[in-house]
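Residue-level structural notes
Listed below are the residues making up each chain.
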Amino acid sequence: MKNKQWAWTGILGSAVLGLLAATPALADSEGLHVIQGGPSYFNIGLGAFNAAGVTPGPGYTNATLPEINLEYQTGAKLFGVGAVYGLMANTNGGFMGYTGFYTDVAWDHWVLTPVLAMGGYHQGRGKYLDGTFQFRLELSLDYQFANQSRFGLKIAHISNAFIKKSDPGEDEIMLNYSMPLSFGEHS
């Protein structure tokens, strides 16, 4: 039940942020606004896989493991929404490659970045998630420095959104550093 609430919260949150991104008045205002363009970013996250101790699948342990998350966010956006490509790996051989969408909501030097993605998960010796195809929801809150690099906290959730009989789910928390990438001019 809890995982189902996570899925609906992520879907609803992404829809609301998408509507905000499509509102020109909000995008042009000072203060809170959706970032419409800018550089691409390469993100590195270090933290804990299965940090919240979500119930394990049958016959599997529920260990919290160190993890790394590598992510590329495109600078090109349509109505404030860009593409994201990522890879998450833990120390027990579990990993997930994913792609999806993100937006940046900024207020002063703070940037809130929700991500909705899907991809393939390989369990390795780690957490059983009942299937290869999984969804990934992320939310990061970063401080943006004058050189456009960012540092902050990211939480993430991997789930099959009950497309399988069971949905053990998995939650992550990590420190996140984002480097702006320059590939010529950008808006």
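Rules behind the numbers
For every chain, the first residue of the written sequence is number 1, and numbering continues from 1 along that sequence. Local features in a predicted model are, by the rule used here, given only for residues with pLDDT of at least 70; side-chain atom pairs are given and counted only at 80 or more, and totals for whole chains, interfaces and linings are based on all residues. Just so you know, side-chain values use all the structure's heavy atoms and leave hydrogens and water out. Between rings of Phe, Tyr and Trp, where Trp is taken as its six-membered ring, a pair exists when centres lie within 6.5 Å; planes separated by under 30 degrees are stacked, by over 60 edge-to-face, and by other angles tilted. Strands are runs of DSSP state E lasting at least two residues, helices are runs of H or I lasting at least four, and both sets are numbered from the N terminus onward. Think of it in three bands: residues with accessible area under 20% of the maximum for their type are buried, residues over 50% are exposed, and the middle band is partly exposed, with areas taken using a 1.4 Å probe on protein chains only. A ring has a charge above it when a Lys NZ or an Arg CZ is no more than 6 Å from the ring centre and no more than 35 degrees off the ring normal. In protein, a polar contact means a hydrogen-donor-capable atom and an acceptor-capable atom, both N or O and within 3.5 Å, with residues adjacent in sequence counting only if both atoms are side-chain atoms; elsewhere, any N or O pair within 3.5 Å suffices. Whether two residues are in contact is decided by their heavy atoms, any of which lying within 4.5 Å being enough. Strand pairing is assigned whenever DSSP detects at least two bridges linking the two strands.

The name recorded for the protein chain in an unreviewed UniProt entry is Deacylase, from Acidithiobacillus thiooxidans ATCC 19377.

Looking at the packing of aromatic side chains
What characterises a pair of aromatic rings is the spacing of the ring centres plus the angle enclosed by the ring planes. Under the criterion given, the structure shown has four aromatic pairs. A ring pair is formed by Tyr72 and Tyr85, whose centres lie 6.5 Å apart and whose planes are at 20°; its orientation type is stacked. Taken as a pair, Tyr72 in strand E3 (residues 65-78) and Tyr85 in strand E4 (residues 81-90) lie far apart in primary sequence, 13 residues in all. Overall, Tyr72 belongs to the partly exposed group, its relative accessible area being 26%. Take Tyr85: its relative accessible area is 44%, and that puts it in the partly exposed class. Ring centres of Tyr143 and Phe145 lie 5.2 Å apart, and the angle between their planes is 70°; on these two criteria the pair is classed as edge-to-face. Residue Phe145 is classed as partly exposed on the basis of its relative accessible area of 38%. Ring pairing ties together the aromatic residues Trp110, Tyr143 and Phe145, which thus form one cluster. One cation-aromatic arrangement involves Arg150 over Tyr41; the distance from NZ or CZ to the ring centre is 4.2 Å.

Quick notes on the environment of Gly38
Inspection of the secondary structure puts Gly38 in the loop between strand E1 (33-34) and strand E2 (40-49). A residue is classified by how much of its surface remains accessible, and Gly38, at 13% relative accessible area, is buried.

Brief notes about the environment of Asn43
Summarising the element assignment, Asn43 is placed in strand E2. Of the residues examined, Asn43 reaches a relative accessible area of 1% and is grouped as buried. Within polar-contact distance, the side chain of Asn43 engages the side chain of Ser178 at 2.5 Å.

Looking at unusual backbone geometry
If you check the backbone angles, Asp108 has positive phi at about 60° while not being a glycine. Of note, Asp108 is situated in the loop between strand E6 (105-107) and strand E7 (110-122). Judged by its relative accessible area of 63%, Asp108 is exposed. The phi torsion at Asp130 lies on the positive side, around 55°, for a residue other than glycine. Mapped onto the elements of the fold, Asp130 is located in the loop between E7 and strand E8 (133-144).

As for the environment of Phe95
Within the fold, Phe95 resides in strand E5 (residues 95-103). Excluding its chain neighbours within four sequence positions, the residues that come into contact with Phe95 are Leu87, Met88, Ala89, Gly120, Tyr121 and His122.

Some points on the pairing of strand E9 (residues 150-159)
Counting buried residues along E9, seven of its ten residues qualify, which places the element largely inside the surrounding structure. Pairing analysis gives ten bridges linking E8 to E9, with the strands arranged antiparallel. From the neighbouring strand, Asp142 faces E9, where its bridge partner is Gly152. The turn linking E8 back onto E9 is made up of five residues, and Gln148 within it adopts a positive phi angle of 75°. Relative to strand E10 (residues 170-181), E9 runs antiparallel, the two being bridged by nine bridges. Within E10, the residue paired with Ile155 across the bridge is Ile173.

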